[in-house]
Amino acid sequence: MATFPERVFSGVQPTGNLHLGNYLGAIVKFVELQRSHECLYCVVDLHAITVPQKPEELKASIREVTAAFIACGVDPAAHAIFNQSQVSGHAELAWVFNCVARIGWLNRMTQFKEKAGKDRENASVGLYAYPCLMAADILLYKATHVPVGEDQKQHLELARDVAQKFNLDFSASIAANGFGDAFFPLPEPLIQGPATRVMSLRDGSKKMSKSDPSDYSRINLSDDADAIAQKVRKAKTDPEPLPGETAGLEGRPEADNLVGVYAALTGSTKADVLKTFGGGQFSAFKSALVDLAVAKLGPIGAEMKRLTADPGYIDGVLADGAARARMIADENMKAVKDVLGFVR
Ligand code: AMP
Ligand code: TRP
């Protein structure tokens, strides 16, 4: 198959309460990848409205996620940071992909089942079709690498299936239009490291989530040092000392989670963390984790606060990012129209 230049794309929903899971599962990777790759980081507001949003809160959330990207270290001068609705190609290509993806594929999506809950008949059509929009986000830029948390793995597989089916269904037209044997790359998920699925601080069997009613279940990126310290101290644990090796974390979801968080925050591994803290009491480990979390996350919260106080600056970053994204998107969208046989 044709090779494509490496390009990174990822998205985060502006739905409030950005947390440690978003940071370690996704945003830390965004920051790392910008050194080696051309990256586009998108605040996916079209995804947010698949469930009801209050307009004023949505606007504040879009700016807050943008501020978080910058506060965490993404450089808006070097890479495009933008909100999805400013680049019309996302919605356009999503429609095309609605016609490529099969209903059977979408029926298998576990996130839809979780989010729609028991009242599936009453979920929005958008919530159901959401993976097609996500595929469009990525493929609009022919992105090859997508840093995400573990929960997005199935959606990434669907994006690959969509790319593959498009390449196959339109192979003759793709070749006739001079695009060789493949129009879209098959995007690769980047799901790596010790914290691809950060769990709730109150319940090690539940994912840390923006929508958990208990604020003690998560560390928000906007939390100040006191709040971070208190939440780590109150995090659920078990009465056993920490094991010396990772195998000893099995069946101990809370311990496993906190060790993973510590490892991710220091850029090490769970095995390294257990070399230092194995055999010791949980309280000593927790004190160290409090210090670490406050040192790493405290400044991010403070910087987010500073940035969100200047919405003019944030909106400028988004407008500039959108203009840069459009340069790629518009070109690719024209080519998609040619391949499909649309007159333009
Ligand atoms: P969302 O807030 O759903 O838009 O998620 C933004 C990014 O954060 C996605 O890449 C998710 O996979 C990732 N993410 C969300 N929650 C967690 C979690 N608890 N642990 C690890 N990654 C997460
Ligand atoms: N669906 C992702 C989430 O809920 C967000 C997202 C939308 C995304 N489009 C994307 C992530 C494209 C990576 C690539 O977390």
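Procedures and definitions
- Residues numbered from 1 in each chain as written.
- Chains lettered and ligands numbered in written order.
- Predicted model: local features only at pLDDT ≥ 70, side-chain atom pairs only at ≥ 80, totals over all residues.
- Heavy atoms only, no water.
- Helix = DSSP H or I, 4+ residues; strand = E, 2+ residues; numbered from the N terminus.
- Rg over C-alpha atoms; globule rule 2.2 N^0.38 Å.
- Contact = heavy atoms within 4.5 Å.
- Lys, Arg positive; Asp, Glu negative; His and termini not counted.
- Charge placed at Lys NZ, Arg CZ, Asp CG, Glu CD.
- Buried < 20%, exposed > 50% of the residue type's maximum accessible area, 1.4 Å probe, protein only.
- Pairing = 2+ DSSP bridges.
- Right-handed = clockwise from strand over helix to strand, strands pointing away.
- Near = heavy atom within 4 Å.
- Polar contact = N/O pair within 3.5 Å; in protein donor to acceptor, adjacent residues only side chain to side chain.
- Areas by Shrake-Rupley, 256 points an atom, 1.4 Å probe, with all protein chains shown as cover.
- Nonpolar A, V, L, I, M, F, W, Y, C, P; charged D, E, K, R; others polar.
- Core = buried A, V, L, I, M, F, W, Y, C linked by side-chain atoms within 4.5 Å.
- Domains from an automatic or database assignment.

**A word on the overall build of the chain**
No. 1: The helix and strand inventory of the chain stands at 14 helices and five strands.
No. 2: The C-alpha atoms of the chain give a radius of gyration of 21 Å, which matches the 20 Å a tight globule of 344 residues would have.
No. 3: Taking the intrachain contacts of the chain between residues at least 6 apart in sequence as the baseline, contacts between residues at least 24 apart amount to 76%.
No. 4: In the chain, the 38 positive side-chain charges and the 41 negative ones have mean positions that sit 2 Å from each other.

**Concerning the pairing of strand S1 (residues 7–12)**
No. 1: Extensive coverage of S1 is indicated by the burial of five of its six residues.
No. 2: Where S1 lies against strand S2 (residues 38–43), six bridges are found, and the strand directions are parallel. Each bridged residue has a counterpart across the sheet, and for serine 10 the counterpart in S2 is tyrosine 41.
No. 3: With helix H1 (residues 20–33) bridging S1 and the parallel S2, this β-α-β connection has right-handed handedness.

**A few points about the site of ligand 2**
No. 1: The environment of ligand 2 is made up of 13 residues, and the closest members are Gln13, Tyr130, Met134, Asp137 and Gln152.
No. 2: Here a nitrogen atom of ligand 2 and a side-chain polar atom of tyrosine 130 are 2.6 Å apart.
No. 3: Contact between ligand 2 and glutamine 152: a nitrogen atom at 3.1 Å from a side-chain N or O atom of the residue.
No. 4: About the coverage of ligand 2: the protein hides 91% of its 360 Å² of free accessible area.
No. 5: For the shell around ligand 2, the secondary structure elements donating two or more residues are S1 and helix H7 (125–139).
No. 6: When residues of the shell around ligand 2 are assigned to their parent elements, the largest contribution, four residues, is made by H7.

**A few points about the site of ligand 1**
No. 1: Gln13, Gly149, Asp151, Val198 and Lys210 are the nearest of the 17 residues found near ligand 1.
No. 2: A distance of 2.8 Å is found between a nitrogen atom of ligand 1 and a backbone nitrogen or oxygen belonging to valine 198.
No. 3: Computed on the free molecule, ligand 1 has an accessible area of 480 Å², of which 92% lies beneath the protein chains in the complex.
No. 4: The element that contributes the greatest number of residues to the shell around ligand 1 is H1, accounting for four residues.
No. 5: Residue composition of the shell around ligand 1, by class: five nonpolar, eight polar and four charged.

**So, the environment of alanine 94**
No. 1: Of note, alanine 94 is situated in helix H4 (residues 89–98).
No. 2: What makes alanine 94 buried here is its relative accessible area of 9%.
No. 3: Each C-alpha atom, one on alanine 94 and one on lysine 115, is 20 Å from the other, the two residues being 21 residues apart in sequence.
No. 4: Aside from chain neighbours lying at most four places away, what touches alanine 94 is Cys132, Leu133 and Ala136.

**A look at the nonpolar core**
No. 1: Counting 64 residues, the largest nonpolar core has Tyr23, Leu24, Phe69, Phe285 and Leu297 as the members making the most contacts within it.
No. 2: Among the elements that make up this core, the one with the highest residue count is helix H13 (residues 282–308) (ten residues).
No. 3: Shared between two domains, this core takes at least three residues from each, and those domains are domain 1 (8–196 + 310–340) and domain 2 (215–306).
No. 4: Once you skip the residues sitting within four places of it in the chain, phenylalanine 285 turns out to touch Leu242, Leu258, Val259, Tyr262, Val273 and Phe277.
No. 5: Of all hydrophobic cores here, the second largest spans 48 residues; its members include Leu40, Val87, Leu106 and Val336.

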